[in-house]
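Report on the structure
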Amino acid sequence: MTTSTPDTTSSILIVDDMEENLVALEAVLGSLAQVVRAHSGETALKAMLRQEFAVVLIDVMMPGMNGFETAANIKGLDQTKDVPVILLTGAEVDPNYAYRGYTVGAADFLIKPFDPWLLRTKVNVFLDLHRKNRQLAAQAEQLKRLLTTDAHPGEPSAPADTPRLADVAGQLAQVELLLRETDGPEPAGLADRIADLEQAVERLVAGRGA
């Protein structure tokens, strides 16, 4: 049996007031990415302000700040509002719990005991989206540097723009490839980044024609 190597560049936050539940979740998800534990909603919020997470799993029934309140607070902060939230609860639940979960911004709602394979599959989707979103962010930053770099002194402006235009076009092709490979919800800010890339190409083309 082959074991996968966890992705150390992405992190999963698991939130539950019961240690045995945290241990069980970490056993299921630990091979996918770095797993960080939080024993309360308050602790989870502090952790999310210190560190970036690809996805957070929260138990609904917790003392103090429950799962719904924790999810609502996460979605209410600019720094954490785009982090996907999966709510977890026991088998005997109020039929309105799922509706409440989606109302506060949860991406999914699972009832315990959950199928470990199903949980891993759902979490893997968000980890993949997080990785692709980071790639897009890196490309956007690279493009920003590219567009703000002046041509070397003494060189004509049009020839200097030619390789830059090719670089931008190449980045657009990479974004389109990521879009085709993505199976699931759109990564946060993807539409804005695509628009920025397209506008950059238009600016370069206009500049060459001026």
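These remarks concern the structure in this document.

How each quantity is defined
Residues numbered from 1 in each chain as written. Predicted model: local features only at pLDDT ≥ 70, side-chain atom pairs only at ≥ 80, totals over all residues. Heavy atoms only, no water. Helix = DSSP H or I, 4+ residues; strand = E, 2+ residues; numbered from the N terminus. Buried < 20%, exposed > 50% of the residue type's maximum accessible area, 1.4 Å probe, protein only. Contact = heavy atoms within 4.5 Å. Areas by Shrake-Rupley, 256 points an atom, 1.4 Å probe, with all protein chains shown as cover. Arc of directions from axis to C-beta. Axes fitted to C-alpha atoms, helices over the stretch in contact; angles between N-to-C directions. Parallel < 35°, antiparallel > 145°, perpendicular 65-115°, else oblique. Left-handed = near helix turned anticlockwise from the far one by under 90°.

1. Thoughts on the overall build of the protein chain
Scanning the protein chain from N- to C-terminus turns up seven helices and five strands. Listing the helices and strands of the protein chain from first to last along the sequence gives β-α-β-α-β-α-β-α-β-α-α-α. Looking at the 210 residues of the protein chain, the share that counts as buried comes to 40%. Considering only contacts within the protein chain whose residues lie at least 6 apart along the sequence, 64% involve residues at least 24 apart. On the protein chain, roughly 11,700 Å² of surface is accessible, and the fraction owed to carbon and sulfur atoms is 54%.

2. Details of helix α2 (residues 41–50)
Buried within α2 are the following residues: G41, A44, L45, A47 and M48. Projected down its long axis, α2 shows its buried positions confined to an angular sector of 160 degrees, all on one face. Set apart from the buried face of α2 by more than 90 degrees, the exposed residues are K46 and R50.

3. Considering the packing of α2 against helix α3 (residues 67–76)
Two elements in contact, α2 and α3, have axes separated by 9 Å at closest approach and are oriented at 20 degrees. Taken together, the axes of α2 and α3 are roughly parallel relative to one another. Of the two elements, α2 crosses α3, and the hand of that crossing is right-handed. The segment α2 lies against α3, with G41, A44, L45 and M48 engaging T70, N73 and I74.

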